[in-house]
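# Descriptive analysis of the structure
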Amino acid sequence: MEMIQSNLIVPLFLSLCLMVALTRATDVKYCGKGRGGEERNEAISRGKLVIEVSYFGWHIHSETHNLCAETSCPVSIGDFVVYHSQLVPGYTPPGSYSLKMKIYDGNKSELTCIAFDFAIGCTCPAEEESANE
């Protein structure tokens, strides 16, 4: 009976560790066609935002969003801000990730590409309790 209980405790403990994940991002850099893609002389009235995620260098996830759903259109000439947040599932494994985000106009021309690396760590509830003592 003890063998069965100890076999169940380890997976349960690891599951709890993954529920309290720590995320840490590093420097954001431009990728692709240089700093800002091609120069534009008109506002952007439509386009898409493509996000690609890799885990230890392996592509694991892609998603595409309407650019005008992520920022207000038309986007004026010059710098603009895109806000995007993503909830990470509780079972996401800790490790090294990289994210690449490309923005395209309505003609499918790449406007910009940014990339950054981030790490998801694990803080186990038992570690937090011992740190608070």
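To keep things clear, this report deals only with the structure shown in the data block. (Residues numbered from 1 in each chain as written. Predicted model: local features only at pLDDT ≥ 70, side-chain atom pairs only at ≥ 80, totals over all residues. Heavy atoms only, no water.)

Attention shifts here to the overall build of the protein chain. Looking only at helices and strands, the protein chain has 3 helices and 5 strands in total. Each helix and strand of the protein chain, placed in order from N terminus to C terminus, yields the pattern α-β-β-β-α-β-β-α. Scored against the burial criterion, the 133 residues of the protein chain give a buried share of 24%. (Helix = DSSP H or I, 4+ residues; strand = E, 2+ residues; numbered from the N terminus. Buried < 20%, exposed > 50% of the residue type's maximum accessible area, 1.4 Å probe, protein only.)

Aromatic ring pairs: the centre-centre distance and the angle between the two ring planes describe each pair. Here the structure, examined in full by the defined rule, presents 4 aromatic pairs. On the basis of an interplanar angle of 45 degrees and a centroid distance of 4.7 Å, the ring pair of tyrosine 55 and tyrosine 97 is categorised as tilted. Placement of the pair is tyrosine 55 in strand S2 (residues 47-55) and tyrosine 97 in strand S4 (residues 95-105), with a sequence separation of 42 residues. On the accessibility criterion, tyrosine 55 (22% relative accessible area) is partly exposed. Members of the aromatic cluster, each reached through a chain of ring pairs, are Tyr55, Phe56, Tyr97, Phe116 and Phe118. A cation sits over an aromatic face here: lysine 48 above tyrosine 104, 5.5 Å from the ring centre. (Phe/Tyr/Trp six-rings, centres within 6.5 Å; stacked < 30°, edge-to-face > 60°. Lys NZ or Arg CZ within 6 Å of the ring centre and 35° of its normal.)

Among the secondary structure elements, glycine 57 is positioned in the loop between S2 and strand S3 (58-66). The class for glycine 57 is exposed, based on a relative accessible area of 67%. Distance in space between the C-alpha atoms of glycine 57 and serine 98 is 7.6 Å, their sequence separation being 41 residues.

In this section: the state of the cysteines. This model, assessed by the stated rule, comprises 2 disulfides. Between the sulfur atoms of cysteine 31 and its disulfide mate cysteine 113 the distance is 1.9 Å. The disulfide joining cysteine 31 to cysteine 113 has a torsion of about -75 degrees about its S-S bond and is therefore left-handed. Here the residue cysteine 31 occupies a position in the loop between strand S1 (21-30) and S2, and cysteine 113 occupies one in strand S5 (residues 110-122), the gap between them amounting to 82 residues. Take cysteine 31: its relative accessible area is 15%, and that puts it in the buried class. (Disulfide = S-S within 2.5 Å.)

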